[in-house]
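Below are the chains, spelled out letter by letter.
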Amino acid sequence: MIRSLLQPRSIVGWFALCWVLFLIAAIVVGTMLVALYDETTSQRIERGAANLARACESILHEASAVPSGNAPSVVTAAVSRALGGFNGVEGGVWRSGSGSLAYAFPSYEGTGAKTDLPQAEEPTIRQVAEGAAIGRRPVEWKRDARSQVLLVQGCPFPGNDGLAAWTMTRVVTVGGRSFLMATTGLGLLLLVLLGSAALLARVLWRWSQRLRTIEQALSKGWEDLPLLETTGQRDLDRIIAAINGAGAKASESRRRSEELRAEVAEGERLAALGRVAAGIAHEIRNPIAAMRLKAENALAEQADPVRARDALRVVIDQVARMDQLLQNMLRSVQRTELRREPVADIRGLLAERADLFREQAGGRSITVSAPEKLDPAPRIDASQIGRALDNLILNAIQNSADGGRISLCAGAAQAELTISVSDNGHGVPSEVREHLFEPFSTGRPEGTGLGLAIVREIAEAHGGQVKVHHRADGTTFSLALPVGGRS
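Draft legend 1. Up close: the layout of surface pockets. Approximately 390 Å³ is the volume attributed to the second largest pocket. Around the second largest pocket, the lining comprises 17 residues; the ones closest to its centre are Val 66, Ser 68, Val 75, Arg 95 and Leu 163. Residue assignment for the lining of the second largest pocket shows that the elements contributing at least two residues are helix 2 (11-64), helix 3 (72-82) and strand 1 (90-95).

Draft legend 2. Region of the structure containing the pattern of salt bridges. The full count for this structure, using the stated rule, is 14 salt bridges. Of the charged contacts in the structure, one is a salt bridge between Arg 81 and Glu 62, with a shortest N-O distance of 3.6 Å. Taken as a pair, Arg 81 in helix 3 and Glu 62 in helix 2 lie far apart in primary sequence, 19 residues in all. One salt bridge in this structure joins Glu 90 and Arg 170, with 3.1 Å as the shortest N-O distance. Taken as a pair, Glu 90 in strand 1 and Arg 170 in strand 5 (residues 163-172) lie far apart in primary sequence, 80 residues in all.

Draft legend 3. A look at the sheet that holds strand 4 (residues 148-156). Spatial ordering of the open sheet is given by 2-1-5-4-3, a layout of five strands whose pairing is antiparallel. If you trace the sheet from one side to the other, it starts and ends with strand 2 (99-104) and strand 3 (139-144), each paired once. Neighbour-to-neighbour, the strand axes of this sheet turn through a mean angle of 20°, independent of strand direction. Examined bridge by bridge, strand 1 and strand 5 share six bridges and lie antiparallel to one another. Among the inter-strand pairings, Arg 95 is bridged to a residue of strand 5, identified as Leu 163. Packing of helix 3 onto the sheet brings it into contact with strand 1 and strand 2, and relative to strand 2 it is tilted by some 50°.

Draft legend 4. Looking closely at the sheet that holds strand 9 (residues 405-413). Ordered by their spatial adjacency, five strands build an open sheet running 7-9-10-12-11, and the pairing between neighbours is mixed. Each end of this open sheet is capped by a strand with a single partner; those strands are strand 7 (365-369) and strand 11 (465-471). Across the sheet, the mean angle from the axis of one strand to that of its neighbour is 15°, orientation sign disregarded. Relative to strand 10 (residues 416-423), strand 9 runs antiparallel, the two being bridged by eight bridges. The partner of Ser 407 across the bridge, within strand 10, is Ser 422. Where helix 8 (residues 346-356) meets the sheet, it contacts strand 7, strand 9 and strand 10, and its direction lies at approximately 170° from that of strand 7.

Draft legend 5. View of helix 8. Along helix 8, the positions that sit buried rather than exposed are Ile 346, Leu 349, Leu 350, Arg 353 and Ala 354. Each buried residue of helix 8 lies within a common arc of 130° when the element is viewed along its axis, so the set occupies one face. Buried positions along helix 8 lie against helix 9 (358-361), strand 7, strand 8 (379-380), helix 10 (382-398), strand 9 and strand 10.

Draft legend 6. Fine view of the state of the cysteines. According to the stated counting rule, one finds one disulfide in the structure shown. The disulfide that involves Cys 56 links it to Cys 155, with 1.8 Å between the sulfurs. Taking the torsion about the sulfur-sulfur bond, which here is approximately -100°, the covalent link between Cys 56 and Cys 155 counts as left-handed. Here Cys 155 lies in strand 4 and Cys 56 lies in helix 2, a separation of 99 residues in the sequence. Exposure class is identical for Cys 56 and Cys 155. Each is buried.

Draft legend 7. Summary view of the packing of helix 10 against helix 11 (residues 451-461). Running from N to C, helix 10 and helix 11 cross one another at 150°; their axes reach a closest spacing of 9 Å. Accordingly, the angle class assigned to the pair helix 10 and helix 11 is roughly antiparallel. In terms of crossing hand, the pair formed by helix 10 and helix 11 is left-handed. Residue-level contacts link Gln 384, Ile 385, Arg 387, Ala 388, Asn 391 and Leu 392 of helix 10 to Gly 451, Leu 452, Ile 454, Val 455 and Ile 458 of helix 11. For the contact of helix 10 with helix 11, a count of residues per class yields seven nonpolar, three polar and one charged.

Draft legend 8. Broad picture of the confidence of the model for the protein chain. Per-residue pLDDT for the protein chain has a mean of 77; in total, 73% of the residues score no lower than 70. Considering only residues more than four positions removed or in separate chains, one finds that residues 1-6, a stretch of pLDDT under 50, has three contacts. Low pLDDT (under 50) marks residues 175-179, which in the prediction has nine contacts with non-local residues, meaning those over four places away or in another chain.

Draft legend 9. Inspection of the environment of Pro 376 at higher detail. As for its position among the elements, Pro 376 is in the loop between strand 7 and strand 8. In this structure Pro 376 comes out as exposed when scored by relative accessible area, which is 58%. Taking the C-alpha atoms as reference, Pro 376 lies 7.4 Å from Ala 344; in sequence the two are 32 residues apart.

Draft legend 10. Layout of unusual backbone geometry. Non-glycine residue Arg 136 carries a positive phi angle of around 55°. Within the secondary structure layout, Arg 136 lies in the loop between helix 4 (122-135) and strand 3. Arg 136 gets classed as exposed once you look at its relative accessible area, which sits at 58%. Positive phi is not limited to glycine here, since Ala 415 has a value of about 60°. Looking at where Ala 415 falls in the secondary structure, it is placed in the loop between strand 9 and strand 10. Overall, the relative accessible area of 60% leaves Ala 415 in the exposed class.

Definitions and cut-offs
Residues numbered from 1 in each chain as written. Predicted model: local features only at pLDDT ≥ 70, side-chain atom pairs only at ≥ 80, totals over all residues. Heavy atoms only, no water. 1 Å grid on protein atoms, 1.4 Å probe; cavity = no way out; pocket = protein on both sides within 12 Å on 5 of 7 lines; lining within 4 Å. Points joined across faces, edges and corners; volume = space filled by probe spheres on them. Helix = DSSP H or I, 4+ residues; strand = E, 2+ residues; numbered from the N terminus. Salt bridge = Lys/Arg side-chain N within 4 Å of Asp/Glu carboxyl O. Pairing = 2+ DSSP bridges. Axes fitted to C-alpha atoms, helices over the stretch in contact; angles between N-to-C directions. Contact = heavy atoms within 4.5 Å. Buried < 20%, exposed > 50% of the residue type's maximum accessible area, 1.4 Å probe, protein only. Arc of directions from axis to C-beta. Disulfide = S-S within 2.5 Å. Parallel < 35°, antiparallel > 145°, perpendicular 65-115°, else oblique. Left-handed = near helix turned anticlockwise from the far one by under 90°. Nonpolar A, V, L, I, M, F, W, Y, C, P; charged D, E, K, R; others polar. pLDDT = per-residue confidence, 0-100.

Next comes the structure, spelled out in structure tokens:
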């Protein structure tokens, strides 16, 4: 039983034991301090008695210098001067058979000067002063109370005449103890503290060893968390059990996550292949149908060479369309290689691209708004940015009605070049907005859905991005490109 109390198996038990030991140490310290305080009080009583005797001699000196027959106020002033250097001391002059001739308390801490003889101590003062005057010798008197010691001193005047000086003071105290008790308490305190320190050192050493073992096991990483062994310490073993359980759950979750990741990757791959296959089938089916129809017409009209040539021309155009489709597909999946060069004349670049499409724009006006020069000149691949602008301008033309307006704008701010193409056309259908920049995502039956995907690839190759703003009166596509860049 005793051994189980002294060797608890839980950290709570260790802390409880240490708390009890330190409580004992606190009690011992308290006892020691009381003993030391009492010893100090005895010394203060001795100093108070010696101070009281000097104060009484001071009254004799000052009062003896006052000629006899002077008024009591003169004697009181002499007593006040005599006690001026003695803090907490009150006193006066006493005549045997007549009573108090003078009283003063210069260090009184109340409001105003105290001039009345203390009534509670008057019998004691009378006894001490009368004894000194009649007996012609100093008289000392002490009374112990619960919270203070009252000291009274009487000393006869030279030549006597029934006169005596008296002084009184109070020394705060809580009772007396021996100095041996304080010494014994110090020794006991030392033993308790040393024992507590040794016990805590043992606890900390054992805990550090066990924690180091756990740390070494966990340092191998969480990928393959080892099964930790128990230590025999209940609190640590609960932590180890929780870690082992968490490791098992983590391993199971990791395994399940890898399985799900593989399933998702396979699903995404099949979905991507399906979208690509559907897009290719849709884009190639229309040209093939047109070529088949024209070929059949050419065979049926062999006697008419003009109709046959027209049919062959349509077939060639459709072959070119499919070739362009395949080129766009390759560009959308191939990595864009850039050749960056400083281009200060952004306005010229925009105007050049706009001029290429003015005839195709028909009844749609194309305006260009850009600074004449940019400083510093942005480092971009002008040909690739031109390709991106071609797709955006063509997209704006196809989405605008006759009489519409297409605006090309450019500007640089905060180390970023912004080029935008705006139209006041029909806008982007809501069902394709979420996948607008993905390949084969288009809202037009005749569209390929590759143009905006190419624009995104070019913007990201420059370290920028393409943004779209759906307005109530049209759409704005913007290329946000960093001004700087490596060649």
